[in-house]
Amino acid sequence: MDSTDVPGQWPLVARQWLQLGSPLRPDPMDISIVKAMIERWHNSAEARYLILGVTPEYHALAHTAGGTIQAIDRTPEMIRYVWPGQPSQAETGDWRQMPWQEPCFDLALCDGGLQLVGYPDGITAVAGELHRMLSPDGLFIVRLFTPPKAREKPEHVLQDLNNGHIPNLNVLKLRLGMAMQTDAEHGTALRDVWTRLHDAAGPWPEFARKLSWPLDHLLAIEAYRDSPARMHYFTADQAIDAFEGSGFIHLESASADYILGDQCPTLCFRRL
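Residues numbered from 1 in each chain as written. Predicted model: local features only at pLDDT ≥ 70, side-chain atom pairs only at ≥ 80, totals over all residues. Heavy atoms only, no water.

(A) Spatial organisation of the packing of helix 6 (residues 154-162) against helix 8 (residues 190-201). Direction vectors running N to C along helix 6 and helix 8 enclose 50 degrees, while the axes themselves pass 12 Å from each other. Judged on the interaxial angle alone, helix 8 and helix 6 are oblique. In this structure, helix 6 crosses over helix 8, and the sense of that crossing is right-handed. Residues P154, E155, L158 and L161 of helix 6 touch helix 8, and the partners they reach there are R196, L197 and A200. Each residue belonging to the contact of helix 6 with helix 8 can be placed in one class, and the counts come to five nonpolar, no polar and two charged. (Axes fitted to C-alpha atoms, helices over the stretch in contact; angles between N-to-C directions. Helix = DSSP H or I, 4+ residues; strand = E, 2+ residues; numbered from the N terminus. Parallel < 35°, antiparallel > 145°, perpendicular 65-115°, else oblique. Left-handed = near helix turned anticlockwise from the far one by under 90°. Contact = heavy atoms within 4.5 Å. Nonpolar A, V, L, I, M, F, W, Y, C, P; charged D, E, K, R; others polar.)

Spelled out as structure tokens, the structure:
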């Protein structure tokens, strides 16, 4: 079973979607960055969009632009509970082996999902499929979750949490997961993040009161409890190397101004 075969996690994530926020979901600043990249590098008013995942914010962007929309996600529950478009616009499938047989998209968008497909083989496989699916000069725009330049220790992250220096679970998940990772190839198991936090926190209701977090917000960590998924936190340079080795050129990168924004860069590639 690989990092995207997660029967236990994603149905729960789908039901708890409203508890997710920045930086785990794209902020309006991220969407502005994506929109600006499209306007700068793509000249078609009616583009054919491929969305890797079911990110509602990307659906809204493509819908507003007037393009045709197709999404692909591994998990039917995510499509059922999170996808805001028509069911016919969302395909159940693997990004590393897409069902289409010829270039049929002009723009592909992905938010955070490359962290789940494995490094380096997973992102290389996705890059190869995107090269096959995108028209010549087509764009791939992706937001990444990248590790800090100076690696943190898990104990430091938990100390900051107890001292009230981490504002929400979304920031905590990224910081703790990155701190627990030894290298990008092995990544961090989501259930190990749950275990580390649970062992340090004690009963969730008491810990939520201590942090002054809504209990429902903290309980969103339960999606990690039995998940076999792993997050692979690789650098922007590692992503660029993988895609440029698969027939793309890196055009630009940009980051939004929010907590951990510099670790959530948006990269724009052009298919050669």
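From this point, the narrative continues.
(B) Quick look at the state of the cysteines. Under the counting rule described, the total for this entry stands at zero disulfides. With no disulfide of its own, C264 has C110 as its nearest cysteine by sulfur position, at a separation of 13 Å. Note on C268: no disulfide assigned, nearest cysteine sulfur contributed by C110 at a separation of 14 Å. The class of C268 is buried, set by a relative accessible area of 0%. (Disulfide = S-S within 2.5 Å. Buried < 20%, exposed > 50% of the residue type's maximum accessible area, 1.4 Å probe, protein only.)

(C) Quick peek at the nonpolar core. In terms of nonpolar packing, the biggest core is built from 62 residues, with L161, L172 and L197 touching the most fellow members. Counting residues per element, this core draws most heavily on helix 7 (residues 169-180), which supplies eight residues. Residue contacts for L172: discarding those within four places in its chain leaves V157, L161, I166, G177, L197 and W213. Core analysis: the next-biggest nonpolar cluster, separate from the first, contains 30 residues, F105, A108, L130 and F243 among them. (Core = buried A, V, L, I, M, F, W, Y, C linked by side-chain atoms within 4.5 Å.)

(D) Structural view of the sheet that holds strand 4 (residues 105-111). Strand order in the open sheet formed by seven strands is 3-2-1-4-5-9-8, and the pairing between neighbours is mixed. Strands with a single pairing partner mark the edges of an open sheet, and in this sheet they are strand 3 (90-92) and strand 8 (248-254). Within this sheet the neighbouring strands show an average axis-to-axis angle of 20 degrees, counted without direction. With four bridges connecting them, strand 1 (residues 48-52) and strand 4 associate as parallel partners. When the sheet's bridge partners are listed, L50 is paired in strand 4 with A108. (Pairing = 2+ DSSP bridges.)

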